[in-house]
Amino acid sequence: MLEMINTQTPTQVEISIQDQRMRLIYDDRVIEYSISTSKLGIGQQKGSNQTPLGWHQIRAKIGYGQPENTVFIGRRPTGEIYSSALAEQFPKRDWILTRILWLSGCEIGHNRFGNVDSMQRYIYIHGTPDTEPMGVAESHGCVRMRNSDVIKLFDALSVGTLIWIQESTFARIPCQSV
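Throughout what follows, the structure given in this document is the object of discussion. All of these numbers come straight from a predicted model, not from anything done at the bench.

## Looking at the overall build of the chain
For step 1, the next point in the chain: Counting its regular elements, the chain contains 2 helices and 10 strands.
For step 2, the next point in the chain: In sequence order, the secondary structure elements of the chain are arranged as β-β-β-β-β-β-α-β-β-β-α-β.
For step 3, the next point in the chain: Scaling as 2.2 N^0.38, a compact globule of 178 residues should have a C-alpha radius of gyration of about 16 Å, and the chain matches this with 16 Å.
For step 4, the next point in the chain: In the chain, which comprises 178 residues, the share counted as buried stands at 48%.
For step 5, the next point in the chain: In the chain, once contacts between residues fewer than 6 apart in sequence are set aside, the share between residues at least 24 apart is 65%.

## A closer look at the pairing of strand 5 (residues 70-73)
Strand residues, when the strand is regular, have side chains that alternate between the two faces of the sheet.
For step 1, the next point in the chain: As paired strands, strand 5 and strand 6 (residues 76-81) are joined by 3 bridges and run antiparallel to one another. Within strand 6, the position partnered with T70 by the bridge is I81.
For step 2, the next point in the chain: Once strand 5 ends, the chain turns through 2 residues before running back antiparallel as strand 6, passing G74 with a positive phi of about 60 degrees.
For step 3, the next point in the chain: Here strand 5 pairs with strand 7 (residues 96-105) via 2 bridges, running antiparallel. Of the residues in strand 7, the one forming a bridge with F72 is I96.

## Here we look at unusual backbone geometry
For step 1, the next point in the chain: Here the phi dihedral of N49 falls at roughly 55 degrees; this positive angle occurs in a residue that is not glycine.
For step 2, the next point in the chain: In this fold, N49 is placed in the loop between strand 3 (30-34) and strand 4 (54-62).
For step 3, the next point in the chain: The class of N49 is partly exposed, set by a relative accessible area of 41%.
For step 4, the next point in the chain: Unusually for a residue other than glycine, N69 sits at a positive phi of about 75 degrees.
For step 5, the next point in the chain: Here N69 shows up in the loop between strand 4 and strand 5.

## A closer look at the side chain of T70
For step 1, the next point in the chain: Tracing the backbone shows T70 in strand 5.
For step 2, the next point in the chain: For T70, a relative accessible area of 2% translates into the label buried.
For step 3, the next point in the chain: Discounting residues that sit within four places of it in the chain, T70 has contacts with P77, E80, I81, I96, L97 and T98.

## Observations concerning the nonpolar core
For step 1, the next point in the chain: Counting 24 residues, the largest nonpolar core has M22, I125, M145, L153 and I163 as the members making the most contacts within it.
For step 2, the next point in the chain: Of all elements in the fold, only strand 1 (12-16), strand 2 (21-25), strand 3, strand 7, strand 9 (143-146), helix 2 (147-156) and strand 10 (162-166) reach the threshold of two or more residues within this core.
For step 3, the next point in the chain: In terms of residues, this core owes the most to one element, helix 2, which gives 4 residues.
For step 4, the next point in the chain: Grouped together as the second largest cluster of nonpolar side chains are 8 residues, A60, I96, I100 and W102 included.

## Topic: the pairing of strand 3
For step 1, the next point in the chain: Side chains I31 and Y33 of strand 3 all project onto a buried face; the interleaved residues V30, E32 and S34 project onto a face where none is buried.
For step 2, the next point in the chain: Relative to strand 3, strand 2 is paired through 5 bridges, and the arrangement is antiparallel. Residue L24 lies in a different strand from strand 3, and its bridge partner there is I31.

## Let's talk about the environment of V116
For step 1, the next point in the chain: Of note, V116 is situated in the loop between strand 7 and strand 8 (124-128).
For step 2, the next point in the chain: According to the relative accessible area criterion, V116 is buried, its value standing at 8%.
For step 3, the next point in the chain: Residues V116 and G105 lie 11 residues apart in sequence; the distance between their C-alpha atoms is 8.7 Å.
For step 4, the next point in the chain: Excluding anything up to four places from it in sequence, V116 contacts Q44, Q45, G109, H110 and N111.

Analysis parameters
- Starting afresh in each chain, residues are numbered from 1 along the sequence in its written order.
- Residues qualify for local features only when their pLDDT is at least 70, as the model is predicted, and side-chain atom pairs are given and counted only at 80 or more; totals for whole chains, interfaces and linings, by contrast, use all residues.
- In computing side-chain values, all of the structure's heavy atoms are included and hydrogens and water are not.
- Starting at the N terminus, helices and strands are each numbered in turn, a helix being any DSSP run of H or I of at least four residues and a strand any DSSP run of E of at least two.
- The globule rule used here is 2.2 Å times the number of residues to the 0.38 power, and the radius of gyration it is set against is calculated over C-alpha atoms.
- In this scheme, a residue with accessible area under 20% of its type's maximum is buried, one over 50% is exposed, and one in between is partly exposed, where area comes from a 1.4 Å probe on protein chains only.
- Residue contacts are defined here by distance: any two heavy atoms, one from each residue, within 4.5 Å place the two residues in contact.
- Think of it this way: DSSP has to see at least two bridges between two strands before they count as a pair.
- We define a nonpolar core as any set of buried Ala, Val, Leu, Ile, Met, Phe, Trp, Tyr and Cys residues linked to one another through side-chain atoms lying within 4.5 Å.

Rendered as structure tokens:
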């Protein structure tokens, strides 16, 4: 739950594709919650509709002050507020709602520049309709979150914040003293 976020900045932000979870690591606590990444798995290539791996940073924050469920197209608010009636009217839309954290890759040749550039692929962390499942890979490449969570995340993170996206689980291997 993100209710505990205050003015303290997380020391690390991590995303696990396998777990479909994001966690914010603070000096004194860890906050973890469900997300949804690409239904086509992981990948770096433009046009793949897959979620990219590696180090990213928040390049832009879009949507400050917009109402919850604001609809964005091309990173601009449309003036619409998402509703079931709007969803019925536009059943094929990939809904980008409430806030956008636009990611830029930090690793040249892996997720930055050329045919693997996350920013040019328009990879975001963004809100999605509450009817969409979390904890299940269902997106078109972005990282989807509940609208109430993405508002709090947006307020907690700054442009330039580093985000690690990994394929593997957050689970730790138990160790035994020898």
